[in-house]
Amino acid sequence: MTPHDFIGQLAAMIATACEGLFSSWGAPQLASRISIERPASREHGDLALNIAMVAAGTAGRPPRELAEEVIDAIRADAALPALLDSVEIAGPGFINITLAADALAAAAREALFLGPGFGRAAAHDGGRILLEFVSANPTGPLHAGHARYAAYGDSLRRILAFTGHDVTTEFYINDYGTQMDLFARSLASRYGRLTGVDIPMPEEGYAGAYTEHIAGMIHSRDLDVPPLSAELTPQALAFFRQQGRDLVLEEMRSILERFRVFFDNWYSETSLYENGMTEGAIKALLQAGEAVERDGALWLQTSAYGDDKDRVLIRGTGEPTYFASDIAYHRDKLERGFDQLVNIWGADHHGYVGRMKAAFDALSHDPGRLEIVIGQLVNVMEMGERKQMSKRAGTMVTLEELIDSIGVDAARFFLVDRSHDTTLDLDLEKAKLRSEENPVYYVQYAHARICSILARAREEGVAAGAGDSYGDVTDEERSLILKLLELPRVVENAAAYRAPNRITAYGRELAAAFHVFYHNCPVLKAPAASAAFRLDLCKLTRNVIATTLDLVGVSAPESM
RNA sequence: GCGCCCGUAGCUCAGCCGGAUAGAGCGUUUGACUACGAAUCAAAAGGUCACAGGUUCGAAUCCUGUCGGGCGCGCCA
């Protein structure tokens, strides 16, 4: 449990208080099944327990009867009654709890005392995580699909780090193979046109305008270009491959930085060939007796480990496949000391999951250490029509266009606000029109509003720092505090389910709770004790909103 | 044909290791600036949670099947 998770601590205290009772029911394991939740309706109190209904089956007794006994156990506890205002049975056997005002206020004060550290978990001993995402091949600009995975992956990185995981991010550069060759040839053709050498554009080449731009950059750099002719020499090919790769990567790196997405490592696929690691992986598989020759190719027998069919490691031509180098890459991840490998892949790669897991089995690595998160695709729409995105033809919405048209904050919030498991329609024109009503502004506005109140409090000399006892709290104060106290659990769930969208959802809920509070509870004009308390709540809310926005890489402005 | 994902309000989507009257934003209608920011708040309207069975005290949530949409099923990456 995250420290300072007041709600979780309360659940733990209740579990302890009920241990004897559960044993007497012949179901001691129930203590671990205590779950405490926020009821949907305000009438049902602050928190609710459903343990009596869960227990009814095994105990063989009516839930309301069991609930009575749970309540007795809670009332008999040494510490619990002081924290609770009321504990009641409701409906089919729910136990509804209303917290004491002092307990709420004390929890809020403790959270405020922690400052930006509220909700942050202590370091886990769960091992080192390597989070790999985007991993585009450097043959052109990043597009809207990459933008989604970039926003998602980077948010996940922030959330995992915040919840105490040791996480490293990596961009795998697919700078090897036929696509790179095609790209190099396309660049050579473009370059040839600039220098009066006729080099044909490959049939499936990259004809987008951006290749012209890159060729122009190469041209303007006054480099030592190998001699060119219609038939490209290996030297010429290598030259354009290298130049193209470097320029595109440079571009990617800077646009990702603008998008506030940072990678710890950039890992080159080509390097796996140059340092013999692809070969090494293949050898290891041969030694393990998992690879066999058939039809002139070398196959990995992945079907022995649940894959649909065996997969080729070395083609008839003698060239290793992408799969072979990918195995080498993952083997290296483990050798570098990472315990858990999390890969974010687009849905168009989900067919690849089975063989990769099978490869882990074949190398006697636990496939459980490889977690592949499949992100659904992004459809680019234009006036309600689906637009075909093609890097080759250059018809796509780039990450850069996205940022330029709606801004980093709105783009990141929008991309991460939907579950990664749902296809996302992106209409750039509509996104532009609607950027003004992006929910990100709702959350940011709450933050700015608080900053403004706090500034005025300083001017007017209104003191924060409430005392120990608060008497009653208003409904709006109570809702706001309860929402604030949810942060540790929300963050933990977001990490566990790899679901940054839970963070944005929470941010909206918190902002809403604050706006309601704001409209009903004057802060600066309240009596001194109340003003001090409410100022504390404002500060805490500001901290928590800033935390949630930061967890998805969105700024928290002081004014807007 | 097989596999993965999705189907929830007019639109975009939350909620899914089962919980009480299914939520939010946008859009529509109507109110609130002589209180700290109206980028806000309050209220109304809007639903066979694709469909059909099953599991149980209880199903949007789990299981089976059907329909509809997306993606994949290369000696491409």
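This structure is a prediction, so every number in the text was calculated from the model and none was measured. (Residues numbered from 1 in each chain as written. Chains lettered and ligands numbered in written order. Predicted model: local features only at pLDDT ≥ 70, side-chain atom pairs only at ≥ 80, totals over all residues. Heavy atoms only, no water.)

Caption draft 1: Highlighting the overall build of chain A. Along the backbone of chain A there are 22 helices and 15 strands. Dimensions along the principal axes, computed over C-alpha positions, put chain A at roughly 85 × 60 × 40 Å. A buried classification covers 53% of the 560 residues belonging to chain A. Within chain A, contacts between residues separated by at least 24 positions form 74% of all contacts whose residues are at least 6 apart in sequence. As presented, chain A carries roughly 24,700 Å² of accessible surface, and 49% of it is formed by carbon and sulfur atoms. (Helix = DSSP H or I, 4+ residues; strand = E, 2+ residues; numbered from the N terminus. Buried < 20%, exposed > 50% of the residue type's maximum accessible area, 1.4 Å probe, protein only. Contact = heavy atoms within 4.5 Å. Areas by Shrake-Rupley, 256 points an atom, 1.4 Å probe, with all protein chains shown as cover.)

Caption draft 2: Looking closely at the protein's contact with RNA strand B. As a matter of local geometry, RNA strand B sits amid 58 residues, with Arg315, His350, Tyr445, Arg449 and Tyr497 nearest to it. When atoms of RNA strand B within 4 Å of the protein are sorted by moiety, sugar and phosphate together comprise 60%. Thr422 is positioned with one of its side-chain polar atoms (N or O) 3.0 Å from a phosphate oxygen of RNA strand B. In the environment of RNA strand B, a base nitrogen lies 3.2 Å from a nitrogen or oxygen atom belonging to the backbone of Met560. At the level of elements, α3 (51–59), β4 (94–99), β9 (297–300), α18 (439–460) and α21 (501–520) are the ones that each hand at least two residues to the surface near RNA strand B. In terms of residues, the surface near RNA strand B owes the most to one element, α18, which gives eight residues. Looking at the surface near RNA strand B, its residues break down into 26 nonpolar, 17 polar and 15 charged. (Near = heavy atom within 4 Å. Polar contact = N/O pair within 3.5 Å; in protein donor to acceptor, adjacent residues only side chain to side chain. Nonpolar A, V, L, I, M, F, W, Y, C, P; charged D, E, K, R; others polar.)

Caption draft 3: Summary view of the side chain of Arg148. Looking at where Arg148 falls in the secondary structure, it is placed in helix α7 (residues 144–162). It turns out Arg148 is buried and unbridged, and the closest side chain with the opposite charge, Asp421, is 7.9 Å from it. Engagement of the side chain of Arg148 in a polar contact is seen with the backbone oxygen of Gln376, the distance being 2.8 Å. Leaving out residues up to four positions away in the same chain, Arg148 has contacts with Gln376, Leu377, Val378, Leu415, Arg418, Ser419, His420, Thr422, Thr423 and Leu424. (Lys, Arg positive; Asp, Glu negative; His and termini not counted. Salt bridge = Lys/Arg side-chain N within 4 Å of Asp/Glu carboxyl O.)

Caption draft 4: Region of the structure containing α3. By the burial criterion, the buried members of α3 are Ile51, Ala52, Ala55, Ala56 and Ala59. All buried residues of α3 project into a common sector of 145 degrees when viewed along the axis, lining one side. Tucked inside the fold, the buried residues of α3 contact α2 (19–24), β2 (47–49) and α4 (63–76). A positive phi of about 70 degrees marks Gly60, the residue just after α3. (Arc of directions from axis to C-beta.)

Caption draft 5: Structural detail: helix α8 (residues 178–195). Given a rise of 1.5 Å per residue, 18 residues ought to cover 26 Å, and the 25 Å separating the end C-alpha atoms of α8 matches this to within 8%. Residues of α8 that are buried in the fold lie against α9 (209–220) and α10 (234–258). Just downstream of α8, Gly196 is the residue with a positive phi angle, here 80 degrees. (Expected span 1.5 Å × (residues − 1).)

Caption draft 6: Representation of the domain arrangement of chain A in the model. Domain annotation of chain A identifies domain 1 (6–99), domain 2 (133–272 + 376–435) and domain 3 (438–551). Centre-to-centre separation of domain 1 and domain 2, based on C-alpha positions: 54 Å. (Domains from an automatic or database assignment.)

Caption draft 7: Just the pattern of salt bridges, in detail. Per the stated rule, a full pass over the model turns up 29 salt bridges. In this structure, the salt-bridge partner of Glu486 is Arg38, at a minimum N-O distance of 2.6 Å. Of this pair, Glu486 sits in the loop between α19 (475–485) and α20 (487–496) while Arg38 sits in the loop between β1 (36–37) and β2, and the two are 448 residues apart along the sequence. Taking relative accessible area as the criterion, Glu486 reaches 12% and is therefore assigned buried. With a relative accessible area of 31%, Arg38 lands in the partly exposed category. A salt bridge links Arg241 to Asp181; the nearest nitrogen and oxygen atoms lie 2.7 Å apart. Residue Arg241 is found in helix α10, and its partner Asp181 is found in helix α8; the two are separated by 60 residues along the sequence. Taking the relative accessible area as the measure of exposure, Arg241 reaches 27% and is therefore partly exposed.

Caption draft 8: Region of the structure containing the nonpolar core. Judged by nonpolar contacts, the single largest core of 153 residues is most densely connected at Ile14, Trp25, Leu99, Phe240 and Phe259. The contact partners of Phe240, leaving out residues within four places of it in the chain, are Ala184, Leu187, Ala188, Tyr191, Ile218, Leu228 and Arg245. Of all hydrophobic cores here, the second largest spans 32 residues; its members include Ala284, Leu300, Tyr329 and Val353. (Core = buried A, V, L, I, M, F, W, Y, C linked by side-chain atoms within 4.5 Å.)

Caption draft 9: Local environment of the environment of Thr504. For Thr504, the position within the fold is in helix α21. For the pair Thr504 and Gly465, spaced 39 residues apart in sequence, the C-alpha to C-alpha distance is 29 Å.

Caption draft 10: Up close: the sheet that holds strand β3 (residues 84–90). The four strands are arranged β1-β2-β4-β3 in an open sheet whose pairing can be described as antiparallel. The sheet is open, and its two edges are formed by β1 and β3, each paired on a single side. The pairing of β3 with β4 spans six bridges and is classified as antiparallel. Each residue of the ladder has a partner; that of Leu84, found in β4, is Leu99. (Pairing = 2+ DSSP bridges.)

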